[in-house]
Amino acid sequence: MIDINQAIEQLSWHRQPYGLYEPIAYALEGGGKRLRPTLAMVACRMYDGEEKKALPVALALEIFHNFTLLHDDVMDHAPVRRGRPTVHVRWDDNTAILSGDQMMTEAYVQLEQVEPALLPRVLHLFNAMATDIWGGQQLDMEFETREDVSIDEYLEMIRLKTSVLLGAALRLGGLMAGAPEEDLETLYRIGERIGLAFQIQDDVLDVWGDEKTFGKRIGGDIVQNKKSLVQILALENANEEQLRQLKGWFHRSEFVEEEKIREVTKLYNEIDVRPLCEARMAGYTEDAMRDIDRLHVPAEKKGELTEIARKLLNRKN
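First, a word on what this report is: a plain description of the structure on this page. All figures in this text were calculated on a predicted structure; none of them were measured in a lab.

### Describing the overall build of the protein chain
Scanning the protein chain from N- to C-terminus turns up 16 helices and two strands. Its C-alpha atoms give the protein chain a radius of gyration of 20 Å, within 12% of the compact-globule value 20 Å for 317 residues. Here the C-alpha coordinates of the protein chain stretch approximately 60 × 50 × 30 Å along the principal axes. For the protein chain, buried positions account for 55% of its 317 residues. Partitioning the contacts of the protein chain with sequence separation of at least 6, the portion at a separation of at least 24 is 74%.

### Re the packing of aromatic side chains
Under the counting rule described, the total for this entry stands at seven aromatic pairs. Judged by centre distance (5.3 Å) and plane angle (80°), the rings of Tyr26 and Trp91 are edge-to-face. Remark: Trp91 occurs in the loop between α5 (87-90) and α6 (93-111) and Tyr26 occurs in helix α2 (residues 18-29); sequence separation between them is 65 residues. On the accessibility criterion, Tyr26 (7% relative accessible area) is buried. Accessibility expressed as a relative area gives 26% for Trp91, which makes it partly exposed. Aromatic side chains Phe67 and Trp134 sit 5.7 Å apart centroid to centroid with 80° between the ring planes, which places their arrangement in the edge-to-face category. Separated by 67 residues along the polypeptide, Phe67 in helix α4 (residues 51-76) and Trp134 in helix α7 (residues 119-143) bring together distant segments of the chain. Among the aromatic residues, ring-to-ring pairing joins Phe64, Phe67, Tyr108, Phe126 and Trp134 into one connected group. One residue, Arg84, lies across the ring of Tyr26, its end atom 3.8 Å from the ring centre. The ring of Trp249 has Arg252 lying over it, and the distance from NZ or CZ to the ring centre is 3.9 Å.

### Here we look at the pattern of salt bridges
Counted by the stated rule, this structure contains 26 salt bridges. A salt bridge links Lys301 to Asp48; its shortest N-O distance comes to 2.5 Å. One end of the pair, Lys301, is in the loop between α15 (274-294) and α16 (303-311); the other, Asp48, is in the loop between α3 (35-46) and α4, with 253 residues separating them in the sequence. Using a relative accessible area of 30% as the deciding quantity, one classes Lys301 as partly exposed. The class for Asp48 is exposed, based on a relative accessible area of 56%. Linking Glu185 and Arg171 is a salt bridge whose minimum nitrogen-to-oxygen distance equals 2.7 Å. Within this pair, whereas Glu185 is found in helix α9 (residues 181-208), its partner Arg171 is found in helix α8 (residues 151-176), the two being separated by 14 residues in sequence. What makes Glu185 partly exposed here is its relative accessible area of 43%. Accessibility expressed as a relative area gives 14% for Arg171, which makes it buried.

### Focus on α3
The end-to-end C-alpha separation of α3 is 16 Å, in line with the 16 Å expected for 12 residues at 1.5 Å each. For α3, a buried count of 11 out of 12 residues is recorded, marking the element as mostly surrounded by other parts of the structure. Considered for burial, the residues of α3 that qualify are Leu35, Arg36, Pro37, Leu39, Ala40, Met41, Val42, Ala43, Cys44, Arg45 and Met46. Looking at the buried residues of α3, the elements they touch are α1 (4-9), α4, α8, α9 and α16. A positive backbone phi angle near 60° is found at Asp48, which sits one or two residues after α3.

The rules we used
Residues numbered from 1 in each chain as written. Predicted model: local features only at pLDDT ≥ 70, side-chain atom pairs only at ≥ 80, totals over all residues. Heavy atoms only, no water. Helix = DSSP H or I, 4+ residues; strand = E, 2+ residues; numbered from the N terminus. Rg over C-alpha atoms; globule rule 2.2 N^0.38 Å. Buried < 20%, exposed > 50% of the residue type's maximum accessible area, 1.4 Å probe, protein only. Contact = heavy atoms within 4.5 Å. Phe/Tyr/Trp six-rings, centres within 6.5 Å; stacked < 30°, edge-to-face > 60°. Lys NZ or Arg CZ within 6 Å of the ring centre and 35° of its normal. Salt bridge = Lys/Arg side-chain N within 4 Å of Asp/Glu carboxyl O. Expected span 1.5 Å × (residues − 1).

Here's what the structure looks like:
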């Protein structure tokens, strides 16, 4: 079995100009869950494919994902990622943008290694995934200035921004192993649903997580008035006084960050919004489990994917 972390560590970034490549090495050595490349390799193994055929796709997905994080952190002014200073904090904004651009290029360098017969389809799927992600990011930015974002709009945004990458990972891994077309569609749907559960859990952890294990500042979404399922459900379920207080905090231009985090979290607890979020997360996870059952492979080969989906309900970071 190929070790994804070891494969990533073997990538060489000791190149000139060092100012371009050192931040790439820094971003990739930060660890993380390696969820996307893992899903690609799991899908390949499920259909008895040669893992080495799926490795270029898996590495491309991980490099691409980390490229999006570099740019996201600049746009969100995020100071911490995976418990360490973000690239734009350790270096500067321009470096994060340029190194991120090169990471996107490096993702396609990995895809060059895909066997020629499959490369056109892989590129089509990869580019469709990227286009969806940019659309999700644009919606995320537009939502920042809106107070009327619905639950359905928010879920579609996170589907595009987060879930399609997981769906593409499973579909591409299955494609590398010759999975049947029906299963490729099901694999994509499984990834989308895992991704939705994953992002909702992220929203929950941003409010109630442990900063030491979460790897990011707790309450960052609250400080920035960033749309999340927690915020939208709180606004929908608040009584008149709770709604007045929430909007008061969201409209303040000057505030002490720790006070805002404390008071808004207190209101979220009063509204009891966490169980509402967790119920939706559990629903998407259960949907993914049902789709895993539909895959045309023996039950014993579905264990890895099933375990990943279950772990999402209990993750702390």
